[in-house]
Amino acid sequence: MAGILDAVDQRTQLVGENRLEILMFRLAGRQLFAINVFKVQEVLHMPKLTLMPHRHPFVCGVVSLRGQTLPVIDLSRAIGMRPQVADERSTIIVTEYNRSVQAFLVSGVDRILNLNWESILPPPGGAGRQHYLTAITKVEEQLVEIIDVEKVLAEIVPYNAKISKERLDDPLLGKARGREVLLVDDSSVALAQLRDTLTQLGLKMHVASDGLKGLNMLKAWADAGEKMTDKLLMVFTDAEMPEMDGYRLTTEIRNDPRLRDLYVVLHTSLSGSFNQAMVQKVGCDNFLSKFQPDKLVDVIRERLALDA
């Protein structure tokens, strides 16, 4: 138990400080890529790989790890680069996203680095694999591309945004129709899921692609004399975003007297032992793992019940 508590403490030191740790790695070439260390369970050499019939083209096969069967995804092929060879010399990164665990095939791991989110920038516009990036940064003058893993996973197992009839029949949800919400997320896939779900409730949506843009929108409304709790039913914010993360955004909201009473939901692909500690530290009102339409509706219902 002490070890778990120590791990929680170490990771929550970054919460609200606008910092993150990235794991850098290479795929089929010299370009450096990265994902958030929060999502990584372990890095290891490829265990025995079992091929499965009718598997998705991006999936190399499955491995058994401590009694759990995990798909191994060729991350290089998934983002439009040449496929990698999967053998006993290969390296896999075991990750957890949205309550699911999977392994990504990589050619080699570089290192872990602690960065400020202000040094993480949105990817430039254009074609190619930028479609699969959420952000870029530079480390020792070398470009590092941060992969939109949610998009990769959604192409393998498409998300479902449909709300169950049982929840849609709830009369309290009628009070959501016409209300406004702010969605703050750098992932196009996550924003599409939120839009698809919230449209079914008749909500009006404002969108910002990172925490700094979201904060500027909120302050502009407040500067214009809007009473923010009348203007917005709630704010949904991702945790990981370039320039300003969701933890710092929530901290800034709580520190501004005009904004501090807004209902803020941390809507993230992070899952595991650390979520409640994060939510409590930065003062979010609620936490929700992504791609759960019925639970998303439950959170909205909880907010509406406060006004009932």
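Residues numbered from 1 in each chain as written. Predicted model: local features only at pLDDT ≥ 70, side-chain atom pairs only at ≥ 80, totals over all residues. Heavy atoms only, no water.

**Considering the UniProt feature "modified residue: 4-aspartylphosphate" (unreviewed entry) in the protein**
Phase 1 of the analysis: Following the UniProt record, one finds the feature "modified residue: 4-aspartylphosphate" (unreviewed entry) at Asp238.
Phase 2 of the analysis: By the element assignment, Asp238 lies in the loop between β13 (234-237) and α8 (246-255).
Phase 3 of the analysis: When its relative accessible area of 3% is taken as the criterion, Asp238 is described as buried.
Phase 4 of the analysis: Filtering out sequence-adjacent residues up to four positions away, Asp238 remains in contact with Val184, Asp185, Asp186, Gly246, Leu266, His267, Thr268 and Lys290. (UniProt positions renumbered as here; feature names shortened; annotations may be inferred. Helix = DSSP H or I, 4+ residues; strand = E, 2+ residues; numbered from the N terminus. Buried < 20%, exposed > 50% of the residue type's maximum accessible area, 1.4 Å probe, protein only. Contact = heavy atoms within 4.5 Å.)

**Some details on the pattern of salt bridges**
Phase 1 of the analysis: Using the criterion set out here, one finds 20 salt bridges in the structure.
Phase 2 of the analysis: Glu180 is the partner of Lys231 in a salt bridge, and the nearest nitrogen-oxygen pair spans 3.0 Å. One end of the pair, Lys231, is in helix α7 (residues 228-231); the other, Glu180, is in strand β11 (residues 180-184), with 51 residues separating them in the sequence. Across this residue pair, the class does not change: Lys231 and Glu180 are buried.
Phase 3 of the analysis: Taking the shortest distance from any N to any O, the salt bridge between Arg258 and Asp223 comes out at 2.5 Å. With Arg258 in the loop between α8 and β14 (264-268) and Asp223 in helix α6 (residues 211-223), this pair connects stretches of sequence that are 35 residues apart. (Salt bridge = Lys/Arg side-chain N within 4 Å of Asp/Glu carboxyl O.)

**A look at the environment of Lys281**
Phase 1 of the analysis: For Lys281, the location among the structural elements is in helix α9 (residues 275-282).
Phase 2 of the analysis: Remark: the alpha-carbon pair of Lys281 and Thr251, spanning 30 residues in sequence, is separated by 9.2 Å.

**Side note on α8**
At 3.6 residues per turn, the α-helix brings residues three or four places apart onto the same side.
Phase 1 of the analysis: Looking at α8, one finds that the buried residues are Gly246, Tyr247, Leu249, Thr250, Ile253 and Arg254. Down the axis of α8, the smallest arc covering the buried residues is 160 degrees, so these residues share one side.
Phase 2 of the analysis: If you check the start of α8, you find a side-chain oxygen 3.2 Å away from the backbone N of Tyr247, and it comes from Asp245. (Arc of directions from axis to C-beta. Polar contact = N/O pair within 3.5 Å; in protein donor to acceptor, adjacent residues only side chain to side chain.)

**Side note on the pairing of strand β10 (residues 142-147)**
Phase 1 of the analysis: In this structure, strand β2 (residues 32-36) lies alongside β10, joined through three bridges in parallel fashion. In the strand pairing of β10, Phe33 is matched with Glu145.
Phase 2 of the analysis: Bridge count between strand β9 (residues 133-139) and β10: six bridges; the pairing is antiparallel. Bridging across to β10, Ala135 finds its partner in Ile146.
Phase 3 of the analysis: Adjacent in sequence and paired antiparallel, β9 and β10 are bridged by two residues, among which Glu140 carries a positive phi angle near 50 degrees. (Pairing = 2+ DSSP bridges.)

**Examining the packing of aromatic side chains**
Phase 1 of the analysis: Under the defined criterion, the tally for this structure stands at two aromatic pairs.
Phase 2 of the analysis: Taking the centre distance of 6.4 Å and the plane angle of 25 degrees together, the rings of Phe25 and Phe33 count as stacked.
Phase 3 of the analysis: On the basis of relative accessible area, Phe25 is assigned to the buried category, the value being 1%.
Phase 4 of the analysis: Taking 5.6 Å as the distance between ring centres and 20 degrees as the angle between the ring planes, the aromatic pair formed by Tyr159 and Phe291 counts as stacked. Here Tyr159 is found in the loop between α3 (149-156) and α4 (165-168), whereas its partner Phe291 is found in the loop between β15 (286-289) and α10 (293-305), with 132 residues between them in sequence.
Phase 5 of the analysis: In this structure, Lys151 is placed above the aromatic ring of Tyr132, and the distance from its NZ or CZ to the ring centre is 5.3 Å. (Phe/Tyr/Trp six-rings, centres within 6.5 Å; stacked < 30°, edge-to-face > 60°. Lys NZ or Arg CZ within 6 Å of the ring centre and 35° of its normal.)

**Notes on the sheet that holds β13**
Phase 1 of the analysis: Across the sheet, five strands lie side by side as β12-β11-β13-β14-β15; this open sheet has parallel pairing. The two strands at the open ends of the sheet, each matched to only one other strand, are β12 (204-208) and β15. When the angles between neighbouring strand axes are averaged without regard to direction, this sheet yields 20 degrees. (Axes fitted to C-alpha atoms, helices over the stretch in contact; angles between N-to-C directions.)

**Examining unusual backbone geometry**
Phase 1 of the analysis: The phi angle at His54 is positive, at roughly 60 degrees, despite the residue not being glycine.
Phase 2 of the analysis: You can see His54 is positioned in the loop between β3 (40-45) and β4 (59-65).
Phase 3 of the analysis: In this structure, Arg66 is a non-glycine residue whose phi angle is positive, near 50 degrees.
Phase 4 of the analysis: Under the relative-accessibility criterion, Arg66 is labelled exposed at 67%.

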